[in-house]
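In case you want the letters, here they are:
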Amino acid sequence: MNFAEFCSKQSSIYDDMRKQECEESRITGMMEDPGLVTRRGGFFLSLIHPPEFAQKVADFSAKVGALMPAMVYSNKEIHTTVGSISTSVIPHFYFDGNREDHAHQLSVIERVAEETAKRVKAGVCKIGFITPCILLPNLIIAPGEANQSVFEVTTALTEFGTQMGLAMAPCKNGHVTVNRFTEAKSVGEISDILRLMEKEPPFGVSHPIGIAAGYTLRHESERNVTDLRETPGHFHGTKFFRFQ
């Protein structure tokens, strides 16, 4: 995939999401996020945003969480996923450092992040969050238009993963997840969310400052938790590499 194809795919994904918002979310309402229900997780690489940008997104996430049962992201949890170990992303993922396969995958993905970061100069990655957030049936995202440097990050992590014996799945857009819903609500019960989203301005432009390697943080004791807010599974970065 070249950059032009990446941009085309990115636009197509967002178009499909906006269509889903119009035809589903605003017609039938919200549902629990399936990834939370099944405790889906794995090993991921994520771009980390500047603190001032992350705080804007976190503030809006908290506003949504005050109106609707949802997974809320703090400023330290805001990120843009750029890739994953494709075979690691499964239901009921619980990281265990004592497992040889988990320890190995984490070690390798940290090396992938380190080598990828060495290729990127500070300030060159840019993601434009210039359109409103999208309300999907199970979550809210901020659609981000990633530039060529972000695309090159996804290319590099795939290359380094292959060299190190891991099949990497690069992401095909630059979005940020703002919330994941933890309860079903009818369309009549989400009027406050709709009003909030209509008045929230786009978040603007972010220049990611580095890349983090890590995994979905969730403990096996949460397997049968019924309130999904108690088993949210945020991305837990174990090592961060700043762009130079």
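Residues numbered from 1 in each chain as written. Predicted model: local features only at pLDDT ≥ 70, side-chain atom pairs only at ≥ 80, totals over all residues. Heavy atoms only, no water.

*Asks:* Where do I start with unusual backbone geometry in this structure?
*Replies:* A negative phi angle is the norm for most residues apart from glycine, just as the trans form is the norm for most peptide bonds. The phi angle at R39 is positive, at roughly 55°, despite the residue not being glycine. Position of R39 among the secondary structure elements: in the loop between α2 (34–37) and β1 (43–48). Despite not being glycine, H92 shows a phi value in the positive range, around 50°. Along the chain, the position of H92 falls in the loop between β3 (79–85) and α4 (100–118). (Helix = DSSP H or I, 4+ residues; strand = E, 2+ residues; numbered from the N terminus.)

*Asks:* What should I look at first to understand the nonpolar core in this one?
*Replies:* One recurring pattern in soluble globular proteins: nonpolar side chains tend to sit buried together. Counting residues in hydrophobic clusters, the biggest one holds 58 residues, and the most contacted among them are L45, L135, F203 and I211. Look past the residues within four positions of L45 in its chain and what remains in contact with it is T80, T81, V82, G83, I109, V112, A113, L157, M168, I211, A212 and A213. Judged by nonpolar contacts, the second largest core, of seven residues, contains M17, I134, L136 and L139. (Core = buried A, V, L, I, M, F, W, Y, C linked by side-chain atoms within 4.5 Å. Buried < 20%, exposed > 50% of the residue type's maximum accessible area, 1.4 Å probe, protein only. Contact = heavy atoms within 4.5 Å.)

*Asks:* It is not clear to me how the environment of E5 should be interpreted in this structure. Could you clarify?
*Replies:* Its place among the elements puts E5 in helix α1 (residues 3–28). Here E5 falls in the partly exposed class, since its relative accessible area comes to 44%. For the pair formed by E5 and K172, sequence separation is 167 residues and the distance between their alpha carbons is 9.6 Å.

*Asks:* Is there a simple way to think about the pairing of strand β9 (residues 176–181) in this case?
*Replies:* Counted residue by residue, β9 has five buried out of six residues, so it is predominantly covered. Note that strand β2 (residues 70–72) and β9 share three bridges and pair antiparallel. Residue pairing across strands places M71 opposite R180, the latter belonging to β9. By the bridge criterion, four bridges tie strand β6 (residues 139–142) to β9 in an arrangement that is antiparallel. From the neighbouring strand, A142 faces β9, where its bridge partner is V176. (Pairing = 2+ DSSP bridges.)

*Asks:* Honestly, the pattern of salt bridges in this entry has me stumped. Any pointers?
*Replies:* A side chain with one charge can pair with a side chain of the opposite charge if their charged atoms come near. Counted under the stated rule, the structure contains 13 salt bridges. In this structure, R180 engages D33 in a salt bridge whose closest nitrogen and oxygen atoms are separated by 3.3 Å. In this pair, R180 sits in strand β9 while D33 sits in the loop between α1 and α2, placing the two residues 147 residues apart along the sequence. Taking the relative accessible area as the measure of exposure, R180 reaches 24% and is therefore partly exposed. Salt-bridge contacts for D227 lead to R229; the nearest nitrogen and oxygen are separated by 3.2 Å. By relative accessible area, which is 24% here, D227 ends up partly exposed. Look at the salt bridges and you will find they share partners, linking E21, R26 and E198 into a network. (Salt bridge = Lys/Arg side-chain N within 4 Å of Asp/Glu carboxyl O.)

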